Amino acid sequence: MKNKLRLRKGDNVIVITGKYKGVKGRILKVFPKDERVIVENVNFIKRHSKPRSQTQQGGIIEKEAPIHVSNVMLFNTTHNMVSKPVIKIINGNRIRVCKKTGDELV
């Protein structure tokens with residue numbers, strides 16, 4: 001069964017629950033199978049890495065970890081509000097629009 005997500009890479013979202021509640025960011029990567037997304041500047045983890053060669057340096061690297069889709073909501077930057085994305089068919093084309101305002105999502 002294929003999981004369909006309403007969010008896509010590049011969408012602006014806001015975190016609605018958890019440690020990073022209220023933080024706005026852009027989606028960097030989407031994992032539809034796991035229903036998770038990576039949002040920039042949200043859910044940092046520390047990763048310990050060994051030096052693999054002469055040029056690569058080891059150490060502690062901080063990077064974003066995935067969070068569940070239910071913890072984020074689409075953020076409309078033009079109207080400064082959250083909303084759900086809805087698919088509408090206009091002239092035979094499927095277009096994502098903002099449910100509250102009707103603005104087209106790119």
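For the structure, check the block above.
Residues numbered from 1 in each chain as written. Predicted model: local features only at pLDDT ≥ 70, side-chain atom pairs only at ≥ 80, totals over all residues. Heavy atoms only, no water.

Pairing in this open sheet of 6 strands is antiparallel, and the strands run β6-β3-β2-β1-β7-β8 from one edge to the other. One side of each edge strand has no neighbouring strand; the edge strands of this open sheet are β6 (67–68) and β8 (81–82). With 3 bridges joining them, strand β1 (residues 12–15) and strand β2 (residues 24–31) adopt antiparallel strand pairing. In the sheet register, I14 faces β2, and the bridge partner there is K24. (Pairing = 2+ DSSP bridges. Helix = DSSP H or I, 4+ residues; strand = E, 2+ residues; numbered from the N terminus.)

Before going further, it helps to examine the pattern of salt bridges. For the structure on display, the rule yields 3 salt bridges. One salt bridge connects R96 with D11, and the closest N-O pair in it is separated by 2.9 Å. Placement of R96 in strand β10 (residues 93–98) and of D11 in the segment before β1 is noted, with a sequence separation of 85 residues between them. Neither residue differs from the other here; R96 and D11 are each classed as buried. E62 serves as the salt-bridge partner of K46, at 4.0 Å between the closest nitrogen and oxygen. On the criterion of sequence distance, the pair formed by K46 in strand β4 (residues 44–49) and E62 in strand β5 (residues 59–64) is long-range, its members being 16 residues apart. Looking at K46, the relative accessible area reads 57%, which means it is exposed. (Salt bridge = Lys/Arg side-chain N within 4 Å of Asp/Glu carboxyl O. Buried < 20%, exposed > 50% of the residue type's maximum accessible area, 1.4 Å probe, protein only.)

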